[in-house]
Amino acid sequence: MMPNFIKHKVRPQDSLASLASRMRMTEDELKEFHNHNCGKMDKLWFTNLRGVEFVLIPTLFISKEEQEIRKSKMLPSKEYSQGFHASKYLVSEKFEEPHKKDSDFNYSANLNIQNSKHGFAAETSLADFRKNGIASDDKVSSLSLACMNSIYPIPYNISQKGKLGSLLDHKNLIEKFRNKRADLEDFFIGDISKSYIDWFVEKLTDENYFFRQIQSSLLYQTLFPNLEWFHKKTGWKEAFYIYKNSFPVEFNFQTELTFDDPDLVETKITGTNSENCSLRELLKGIRIEDENAKDYIDAEIQIQYFTHKITKQLYEIKSSVEIRHQNEVFQKHHLHITQN
């Protein structure tokens, strides 16, 4: 195997700077390379090379700046493109709460990404639900799923940065459910079913409430991320929903990239809440004046994205949200999304 350096004999006019400039390196980069590979040879300490007989010069050098550029090109673009998502993902969710049996959910998320006059639109639908390994067989759960199935697929605008922006054609969703309501009421009979259907119509009609249900879920927040997350060099603050149908809480986030896999880039995003929020506020979904500091929660978020180095497509997501109250875990929410 050919060595990755040449052994350059130092001449009187040579300096560390002159040798480095020939290779488009900095002095520190050449010094670091030589000292790392020189073995028992003299190490470089000074720039004038006085007393140094040989300097090891790399035959193929990629500067740190060029390495960063190459790595950046392996990441998804900062602006959304149609190829970022696959058409189907398998999803598993787990909720852990003290003194309760863990709840496991498995289902599929189907995506149809299309061009729209505003950029891109996503039609989404969820299917094949299993709770703790079996299909839901209780009446309320079955009715809930049937109501949602009646309006799928649900179309959304996708923002330029990749997040869900708004509902598309909300009136059409209401009309779709109106056309299916009679069939649902024929199958799901009784006062409980009628009350649930009336409640569903009320919430579906409230566009802001219905969209917040979607927007505040861990699934849609991670499946449609802010694409700038992948390019963050320093920490930043951003609001994030950690409890469905509540309000977003501000977090301190940071990003860490790993390129070790031959095909995939891992983007790890971690965050801790920087905004005070009591458990009561979180559960009610409203801010309450004069809350006791003892009731404030602590929360941590961890999201791992795996994207393809060449296609830039989203391949896998592992995420978790942990909420603690008075030094005890209130809830842990785990989410795992993989291409089908």
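Heads up: these notes are all about the structure in this document. Counting from 1, residues in each chain are numbered in the order their sequence is written. Whole-chain, interface and lining totals are the exception, using all residues; otherwise, since this is a predicted model, local features are given only for residues with pLDDT of at least 70 and side-chain atom pairs are given and counted only at 80 or more. The basis for the side-chain values is all heavy atoms of the structure; hydrogens and waters are excluded.

**A word on the overall build of the protein**
Going by this rule: Only runs of H or I of at least four residues qualify as helices and only runs of E of at least two qualify as strands under DSSP, and these elements are numbered from the N terminus. Atoms counted for the radius of gyration: C-alpha only. Globule rule: 2.2 Å times residue count to the power 0.38. Exposure classes here rest on a 1.4 Å probe applied to the protein chains alone. A residue is buried below 20% of its type maximum, exposed above 50%, and partly exposed in between. The charged-residue count follows a simple rule in which Lys and Arg add positive charge and Asp and Glu add negative charge, with His and chain termini not counted at all. To locate a charge, the coordinates of NZ of Lys, CZ of Arg, CG of Asp or CD of Glu are taken.
What the protein contains, in helices and strands, is 9 helices and 13 strands. Taking 20 Å as the expected radius of gyration for a compact globule of 340 residues, we find that the protein reaches 27 Å, considerably beyond that expectation. With respect to the three principal axes, the spread of C-alpha positions in the protein is 95 × 50 × 35 Å. Split into buried and exposed, the 340 residues of the protein put 39% on the buried side. Looking at charge distribution, the protein has the averaged site of its 46 positive side-chain charges lying 6 Å from that of its 49 negative ones.

**Digging into the environment of Lys-233**
Locating Lys-233 in the fold gives a position in the loop between helix 8 (218-223) and strand 8 (236-240). For Lys-233, a relative accessible area of 65% corresponds to the exposed category. Between the C-alpha atom of Lys-233 and that of Asn-4, which follows or precedes it by 229 residues, the distance is 31 Å.

**Observations regarding helix 5 (residues 170-187)**
The condition is simple: Here, expected helix span is obtained from the residue count minus one, scaled by 1.5 Å. Two axes enter the bend calculation: one fitted to the seven residues ending at the residue in question, the other to the seven starting there, and the bend is the angle between them. Contacts are assigned to residue pairs with any non-hydrogen atoms lying within 4.5 Å of each other.
Given a rise of 1.5 Å per residue, 18 residues ought to cover 26 Å, and the 26 Å separating the end C-alpha atoms of helix 5 matches this to within 8%. Approximately 40° is the largest bend angle found in helix 5, and it occurs at Lys-180. Buried within helix 5 we find His-170, Leu-173, Ile-174, Lys-176, Phe-177 and Leu-184. Contacts from the buried residues of helix 5 go to helix 4 (139-149), strand 6 (154-158), strand 7 (164-167), helix 6 (191-205) and helix 7 (207-215).

**Topic: the side chain of Lys-176**
Spelled out, the test is: The rule for a salt bridge is simple: a side-chain nitrogen of Lys or Arg has to be within 4 Å of a carboxyl oxygen of Asp or Glu.
Its location among the elements puts Lys-176 in helix 5. No salt bridge is formed by the buried Lys-176; the nearest opposite charge belongs to Glu-123, separated by 7.4 Å. Among residues more than four places away in sequence, those in contact with Lys-176 are Ser-150, Ile-151, Tyr-152 and Pro-153.

**Things to note about the pattern of salt bridges**
For the structure on display, the rule yields 18 salt bridges. Among the salt bridges present, the one from Arg-22 reaches Asp-14, with a minimum N-O distance of 3.1 Å. By relative accessible area, Arg-22 is classed as partly exposed at 48%. We classify Asp-14 as buried; its relative accessible area is 4%. Between Lys-332 and Glu-322 there is a salt bridge, with its nearest N and O atoms 3.8 Å apart. A residue pair is termed long-range when its members are at least 10 positions apart, and Lys-332 in strand 13 (residues 328-339) and Glu-322 in strand 12 (residues 314-325) qualify at 10 residues. Overall, Lys-332 belongs to the partly exposed group, its relative accessible area being 26%.

**Focus: the nonpolar core**
If you look at soluble globular proteins, the nonpolar side chains tend to sit buried side by side. Filter applied, for reference: The definition of a nonpolar core used throughout is a set of buried Ala, Val, Leu, Ile, Met, Phe, Trp, Tyr and Cys residues joined through side-chain atoms within 4.5 Å.
Grouped together as the largest cluster of nonpolar side chains are 65 residues, with contacts concentrated most on Ile-151, Ile-154, Leu-219, Leu-223, Phe-240 and Ile-242. By residue number, the principal contributor to this core is strand 11 (residues 297-308), which donates 5 residues. The next biggest cluster of nonpolar side chains, apart from the first, holds 11 residues, and it includes Leu-19, Leu-44, Val-52 and Val-55.

**A few points about helix 6**
As a reminder of what qualifies: Directions from the helix axis toward the C-beta atoms define the arc.
For helix 6, with 15 residues, the first-to-last C-alpha span of 21 Å sits near the 21 Å given by 1.5 Å per residue. Within helix 6, burial applies to Ser-193, Tyr-196, Ile-197, Phe-200 and Leu-204. Looking straight down helix 6, one finds that the buried residues subtend no more than 100° of arc, so they occupy a single side.

**Quick notes on the pairing of strand 7**
We count it as follows: Two strands make a pair as long as DSSP finds a minimum of two bridges between them.
Note that strand 6 and strand 7 share 3 bridges and pair antiparallel. Of the residues in strand 7, the one forming a bridge with Asn-157 is Ser-166. Between the end of strand 6 and the start of strand 7, which pair antiparallel, lie 5 residues, with Gly-162 showing a positive phi angle near 105°.

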